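For reference, the chains in residue letters:
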Amino acid sequence: KDGKLISYVGGMDFNKSNFDRVRLSYPQSGSSFKPFIYASAFASGYKASDKINDAPIIFEDSNLESVWRPENYTGKFYGPIRLREALIQSVNLVSIKLLRQMGIPLTQNYLSRFGFPSSRLAPDLSLALGSSSFSPAEMVRAYSIMANSEDPKDLFFIERIEDRNGKI
């Protein structure tokens, strides 16, 4: 609630690598990004009980070398599924179809409210699958905004420094 980080592990062994993976690495966010797509949908009027058909879809794009046939992690399709269940199950195709229905620019605009820079958000439907890269610290901050949207706080790492006697 206050932006205070309780634990911070930047790597396995500082002596072997002092690279801070919490703030300086930028892995693809993957499925951990999907709740932000859904938050955008709910803010746009979708309801958790709304259904989207989880069925195969093929995209042809002149920017791609071939057609794109996104799949769910399980390789299965679930038919009409409620958004709440699709989010719980991390259903890729529903996330893609949801983003396509909302529109990429509108969604990108909403995602900037979580601190995601628009310039680093994928400009295509892969955004729904977490193809954009954000540091773990950026993801933590975004989730803290989701949890504390009324009064968001910036993350901070050091609250105070005490000596061995507890003196600040």
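Just so it is clear, the model here is predicted, and its values are computed rather than measured.

(A) Representation of the side chain of Gln108 in the model. With respect to the helices, strands and loops of the structure, Gln108 is situated in helix α4 (residues 104–111). Polar contacts involving the side chain of Gln108 include one to the main-chain carbonyl oxygen of Ala122, which spans 3.1 Å. What Gln108 contacts, discounting residues up to four positions off in sequence, is Ser118, Leu121, Ala122, Pro123 and Leu127.

(B) View of the packing of helix α1 (residues 34–43) against helix α5 (residues 136–147). Between α1 and α5, whose axes approach to 11 Å, the crossing angle comes to 35°. Here α1 and α5 pass one another in a crossing that is left-handed. Contact residues: Pro35, Phe36 and Ala39 in α1; Met139, Ala142, Tyr143 and Met146 in α5. Class assignment for the residues of the contact of α1 with α5 results in seven nonpolar, no polar and no charged.

(C) Structural view of the packing of aromatic side chains. Under the criterion given, the structure shown has 11 aromatic pairs. Arranged with centres 5.8 Å apart and planes meeting at 50°, the rings of Phe33 and Phe36 form a pair that is tilted. Of the two residues, Phe33 and Phe36, neither departs from the other in class, the shared state being buried. Geometrically, the ring pair formed by Phe33 and Phe134 is stacked, given 5.9 Å between the ring centres and 10° between the ring planes. Placement of Phe33 in the segment before α1 and of Phe134 in the loop between α4 and α5 is noted, with a sequence separation of 101 residues between them. Both residues of the pair, Phe33 and Phe134, count as buried. Three or more aromatic residues joined by ring pairs make a cluster, and in this case those are Phe33, Phe36, Tyr110, Phe114, Phe116, Phe134 and Tyr143.

How each quantity is defined
- Residues numbered from 1 in each chain as written.
- Predicted model: local features only at pLDDT ≥ 70, side-chain atom pairs only at ≥ 80, totals over all residues.
- Heavy atoms only, no water.
- Helix = DSSP H or I, 4+ residues; strand = E, 2+ residues; numbered from the N terminus.
- Polar contact = N/O pair within 3.5 Å; in protein donor to acceptor, adjacent residues only side chain to side chain.
- Contact = heavy atoms within 4.5 Å.
- Axes fitted to C-alpha atoms, helices over the stretch in contact; angles between N-to-C directions.
- Left-handed = near helix turned anticlockwise from the far one by under 90°.
- Nonpolar A, V, L, I, M, F, W, Y, C, P; charged D, E, K, R; others polar.
- Phe/Tyr/Trp six-rings, centres within 6.5 Å; stacked < 30°, edge-to-face > 60°.
- Buried < 20%, exposed > 50% of the residue type's maximum accessible area, 1.4 Å probe, protein only.

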